[in-house]
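# Working through the structure, step by step
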Amino acid sequence: QVQLVESGGGLVQPGGSLRLSCAASGSIFSIRAMGWYRQAPGKQRELVADSTSGGTINYADSVKGRFTISRDNAKNTVSLQMNSLKPEDTAVYYCNVKGRARYWSDVADYWGQGTQVTVSS
């Protein structure tokens, strides 16, 4: 069982900053990627940023230059530094891990419980 525990989030004014953190624990044989998704009311869940084990980092166009993802492979943690926040960044943010629980397992998606980020004056 893979468990993801998120921290951070909250209410911030436009132009402000927040930092989200996520720690993965439990039975993890290997991790292919760690990242963050978000879902705003009435919209589909979308990728914000992820970091693959091969060293590739992907960002949604809407957050490039404002958000920075960082990952600690030794600790199985991933963080998202969010700067210059805008009202349209308001959403529930979910930590995601793509990986195998056992060596014989297929690659699966594991999700955190979600943390609310609200950008408003």
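Refer to the structure presented above.
In what follows, the accompanying structure is described.

Quick look at the packing of aromatic side chains now. Using the criterion set out here, one finds 4 aromatic pairs in the structure. A centroid spacing of 5.1 Å and a plane angle of 75° characterise the contact between Tyr37 and Trp111, whose relative ring orientation is edge-to-face. Remark: Trp111 occurs in strand β10 (residues 108-111) and Tyr37 occurs in strand β4 (residues 30-39); sequence separation between them is 74 residues. Residue class for Trp111 comes out partly exposed when judged on its relative accessible area of 35%. Plain terms: the ring middles of Tyr103 and Trp104 are 5.0 Å apart, the flat faces sit at 85° to each other, and that makes the pair edge-to-face. The pair formed by Tyr103 and Trp104 is uniform in burial state, with each residue classed as exposed. Put simply, the rings of Phe29, Tyr103 and Trp104 pair up and form one aromatic cluster.

Looking now at the sheet that holds strand β7 (residues 67-72). Hydrogen bonds along the backbone pair up the strands of a sheet, which may run parallel or antiparallel. With antiparallel pairing, 4 strands are arranged side by side in an open sheet as β1-β3-β8-β7. At either end of the open sheet lies a strand with only one pairing partner, and these are β1 (2-7) and β7. Taken pair by pair, the neighbouring strands of this sheet meet at an average axis angle of 15°, ignoring direction. Alignment of β7 against strand β8 (residues 77-82), held across 6 bridges, turns out to be antiparallel. Looking at β8, one finds that Ile69 is bridged to Leu80.

Parameters and conventions
- Residues numbered from 1 in each chain as written.
- Predicted model: local features only at pLDDT ≥ 70, side-chain atom pairs only at ≥ 80, totals over all residues.
- Heavy atoms only, no water.
- Phe/Tyr/Trp six-rings, centres within 6.5 Å; stacked < 30°, edge-to-face > 60°.
- Helix = DSSP H or I, 4+ residues; strand = E, 2+ residues; numbered from the N terminus.
- Buried < 20%, exposed > 50% of the residue type's maximum accessible area, 1.4 Å probe, protein only.
- Pairing = 2+ DSSP bridges.
- Axes fitted to C-alpha atoms, helices over the stretch in contact; angles between N-to-C directions.

By themselves, these observations are geometric and do not establish any function.
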